[in-house]
Amino acid sequence: MTIVLGFSAPRPLRGLGAAGLALILAGCSGRQSALDPAGHEARVVGDLFWWMLIASVVIWALVMAFSFYASHRRGEPWSSRAAARVILICGAILPTLLLAILLVFGLRLMPMLRAPGEELRIAVEGQQFWWRVTYELPDGTRVSSANEVRLPRGRRTEFVLTAQDVIHSFWVPPLAGKMDLIPGMTNRLVLEPERTGRFRGACAEFCGASHALMALDIEVMEPDAFEAWLQSRRTPPAPPRTEDGAALFLANGCGACHTVAGTEAAGRVGPDLTLLSERPSIAAGILPNNTDNLVSFIRNTRDIKPGARMPSFAMLSPEQAASIAHWLLTPRSGTAGTRRADATP
Amino acid sequence: MVLRLRERADLWSLLMPPTIWALHFLFCYLVAAVTCARLGGVTLTKPNPGASFASLESFQPWVIGGTAVALALIAISAWQAWRHSGFGLEDPPHDAATPEDRQRFLGYATLLLSALSFVSVIFIALPAFLILDCR
Ligand SMILES: [Cu+2]
């Protein structure tokens, strides 16, 4: 990714190389690591991984020791009875017992991990190359967002996974294993985060030219804070209408593909931009959310994301794009204190 | 043809334990599929719309029965193979070109296959008791 964005990049993209590098470095931290679990399933699977690793190393060492012994010992060979006993015990009985233990352990985990979720459901629809996210509240209210999922800590939240075009796969390594999103099918996955923090998920099934640029932000919040946030988004906050950006957005047809609640823009081809100002990144987790990156993305969409279903709006002047970006990022009433980080996520 | 006690070992007696293993496998899968299809369903009403999953409890007696039959048949075939192999009085490898050694070889191979099939049948039955619904 750094190579694509960083080297021999056209002028407007120079700044993005640094962003790509930052993302690579972020990959080394625990934000997207299955070995740094922050969720119930990931922890259980992680434990299983470590146990199996340790056991395999022990068995490997024993086999090596045996073969060393066999090739270096002198003196009388073993009687064939003794040899047969060793083969029976080490070659048949022990492996059978070990496999049985692993099987029982694994089978007991499965129903635990698949237990149903609690009241909140989140529908995630995969598309080339982004995620449509809809929070479905128990009373039927829906809150629309994209490319970011917020979750309450300590609750089992059910994900309803579908795809619009091709197969994608929803994977948040620190929280749980992956689950495919398949056109025409509904898959379910339950996540139970155990600590708060920001994590990164990714599409784990090749889905086209920008597959590698299809990530997503996950934020695990304390249940109270999450509840307060979700309640405050039940009626989507309206953006200020006075700005130039609003007029430019509508005049350039952005509204045919994007929804911004409280305006005429109600398109469903692209991500819902209502809550963009409080998301940490843009374009499915690939660029930190700030005015500069938005301007680059709007004017050079297809260079940044080959194959994206949004045309590059190169005919907009940087000033015009900036005023749209500024409008999109203006904090909405009631969203004070959000981290529309002009810093890196 | 396969499921018959025999005076002498042949390829059919050798095939008996893995055949029982395969049939038991098929049996368990069929019974589970039928149970889940008949007792599960889709709920359209709140509070929990979506697929509803049948419990596997009603299916456990079937698995117990099928597994008991399969294990008994495998035990019989192991005992028969033990006889064919000469009651373990002769050491392997049984590789002389004589009718006796051919018998012992077949018997011994069948005995080992019986052990494998026995363990596999138990492994196949286990999920019915550890996974409790059709989810
Ligand atoms: Cu994808």
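Model, not experiment: these values are computed from the prediction.

### Some words on the overall build of chain A
Check the secondary structure of chain A and you find nine helices and twelve strands. Counting the 345 residues in chain A, one finds 45% classified as buried. Across chain A, the fraction of contacts at a sequence separation of at least 24, relative to all contacts at a separation of at least 6, is 63%.

### Observations regarding the coordination of the copper ion
Residue and element names in this part refer to chain A. Taken together, His168 (ND1), Cys203 (SG), Cys207 (SG) and Met214 (SD) make up the full set of protein donors to the copper ion, lying 2.1 to 2.6 Å away. Taken together, the four donor atoms coordinating the copper ion and their angles of 97 to 122° define a geometry best described as tetrahedral. Considered as a linear motif, the donors of the copper ion on their single chain read H-x34-C-x3-C-x6-M. Separated by 39 residues along the polypeptide, His168 in strand β6 (residues 168-171) and Cys207 in the loop between β9 (197-203) and β10 (215-221) bring together distant segments of the chain. Side by side, His168 and Cys207 carry an identical accessibility label, which is buried.

### Considerations on the pattern of salt bridges
All names here are of chain A. In this structure the tally under the stated criterion is twelve salt bridges over all chains. Of the charged contacts, one joins Arg142 and Glu136 as a salt bridge, the two residues approaching to 3.4 Å between their closest N and O atoms. Its relative accessible area of 53% is what places Arg142 among the exposed residues. Here Glu192 and Arg156 are joined by a salt bridge, their closest N and O atoms 2.8 Å apart. Of this pair, Glu192 sits in the loop between β8 (187-191) and β9 while Arg156 sits in the loop between β4 (148-152) and β5 (157-163), and the two are 36 residues apart along the sequence.

### Considerations on the packing of helix α1 (residues 11-39) of chain B against helix α3 (residues 99-125) of chain B
Residue and element names in this part refer to chain B. Across the interface, α1 lies against α3 with an axial gap of 7 Å and an inter-helix angle of 10°. Overall, the two elements α1 and α3 adopt an arrangement that is roughly parallel. Packed against α1, whose contacting residues are Ser13, Leu14, Pro17, Pro18, Trp21, His24, Phe25 and Cys28, the element α3 presents Leu106, Ala109, Thr110, Leu113, Ser114, Leu116, Ser117, Ser120, Val121, Ile124 and Ala125 at the interface. Taken together, the residues that form the contact of α1 with α3 break down as 13 nonpolar, six polar and no charged.

### Here's the deal with the confidence of the model for chain A
All names here are of chain A. When pLDDT is averaged across chain A, the result is 83; 88% of the residues are at 70 or more. Put simply, helix α1 (residues 2-6) is where chain A has its lowest mean pLDDT, 36, and β6 is where it has its highest, 94. Counting interchain partners and residues more than four positions distant, the pLDDT-below-50 stretch residues 1-13 has 18 contacts. Confidence drops under pLDDT 50 across residues 335-345; counting only partners more than four residues distant or on other chains, this segment forms 26 contacts.

### Some points on the sheet that holds β6 of chain A
All names here are of chain A. Pairing in this open sheet of five strands is mixed, and the strands run β4-β10-β9-β6-β7 from one edge to the other. Two strands bound the open sheet, and with one partner strand each, they are β4 and β7 (179-181). For this sheet, the mean inter-axis angle between neighbouring strands, taken without regard to orientation, is 25°. Across two bridges, the pairing between β6 and β9 is antiparallel. Opposite Trp171, over in β9, you have Ala202 as the bridge partner. Contacts from helix α5 (residues 223-232) reach β4 and β10 within the one sheet, and its direction differs from that of β4 by about 130°.

### Overview of the pairing of β4 of chain A
Residue and element names in this part refer to chain A. By the criterion of burial, β4 is predominantly enclosed, with five of the five residues buried. Residues of β4 alternate between two faces, with Glu148, Arg150 and Pro152 on one and Val149 and Leu151 on the opposite face, all of them buried. Where β4 and β10 come together, five bridges link them in parallel fashion. Pairing of Arg150 across the sheet is with Glu219, part of β10.

### Some points on the sheet that holds strand β2 (residues 130-136) of chain A
Residues and elements named next belong to chain A. With mixed pairing, five strands are arranged side by side in an open sheet as β3-β2-β1-β5-β8. Every other strand in the sheet has two partners, leaving β3 (142-146) and β8 as the edge strands with one partner each. Taking each pair of neighbouring strands and ignoring which way they run, the sheet shows an average axis angle of 25°. Summarising the sheet, strand β1 (residues 121-127) and β2 pair through seven bridges and their orientation is antiparallel. The residue of β2 that forms the bridge with Val124 is Val133.

### Considerations on the UniProt feature "transmembrane region" (unreviewed entry) in chain B
All names here are of chain B. The positions that UniProt labels "transmembrane region" (unreviewed entry) are, in the present scheme, residues 20-41, 62-82 and 105-132. From the first C-alpha to the last, residues 62-82 spans 30 Å; its make-up is 100% helix and 0% strand. As annotated, residues 105-132 comprises 89% helix and 0% strand, and the C-alpha atoms at either end are separated by 43 Å.

### Concerning the packing of aromatic side chains
All names here are of chain A. Taken as a whole and assessed by the stated rule, the structure comprises eight aromatic pairs over all chains. Ring centres of Trp131 and Phe170 lie 5.7 Å apart, and the angle between their planes is 85°; on these two criteria the pair is classed as edge-to-face. Of the two residues, Trp131 sits in strand β2 while Phe170 sits in strand β6, which places them 39 residues apart along the sequence. The two residues Trp131 and Phe170 agree in class, both being buried.

### Some words on the side chain of Gln128 of chain A
Positionally, Gln128 of chain A belongs in the loop between β1 and β2. Engagement of the side chain of Gln128 of chain A in a polar contact is seen with the backbone oxygen of Cys207 of chain A, the distance being 2.9 Å.

Cut-off values and rules
Residues numbered from 1 in each chain as written. Chains lettered and ligands numbered in written order. Predicted model: local features only at pLDDT ≥ 70, side-chain atom pairs only at ≥ 80, totals over all residues. Heavy atoms only, no water. Helix = DSSP H or I, 4+ residues; strand = E, 2+ residues; numbered from the N terminus. Buried < 20%, exposed > 50% of the residue type's maximum accessible area, 1.4 Å probe, protein only. Contact = heavy atoms within 4.5 Å. Donors = N, O, S within 2.8 Å, 3.2 Å for Na, K, Ca; no water. Tetrahedral: all angles 85-135°; square planar, octahedral: opposite > 155°, others 65-115°. Salt bridge = Lys/Arg side-chain N within 4 Å of Asp/Glu carboxyl O. Axes fitted to C-alpha atoms, helices over the stretch in contact; angles between N-to-C directions. Parallel < 35°, antiparallel > 145°, perpendicular 65-115°, else oblique. Nonpolar A, V, L, I, M, F, W, Y, C, P; charged D, E, K, R; others polar. pLDDT = per-residue confidence, 0-100. Pairing = 2+ DSSP bridges. UniProt positions renumbered as here; feature names shortened; annotations may be inferred. Phe/Tyr/Trp six-rings, centres within 6.5 Å; stacked < 30°, edge-to-face > 60°. Polar contact = N/O pair within 3.5 Å; in protein donor to acceptor, adjacent residues only side chain to side chain.

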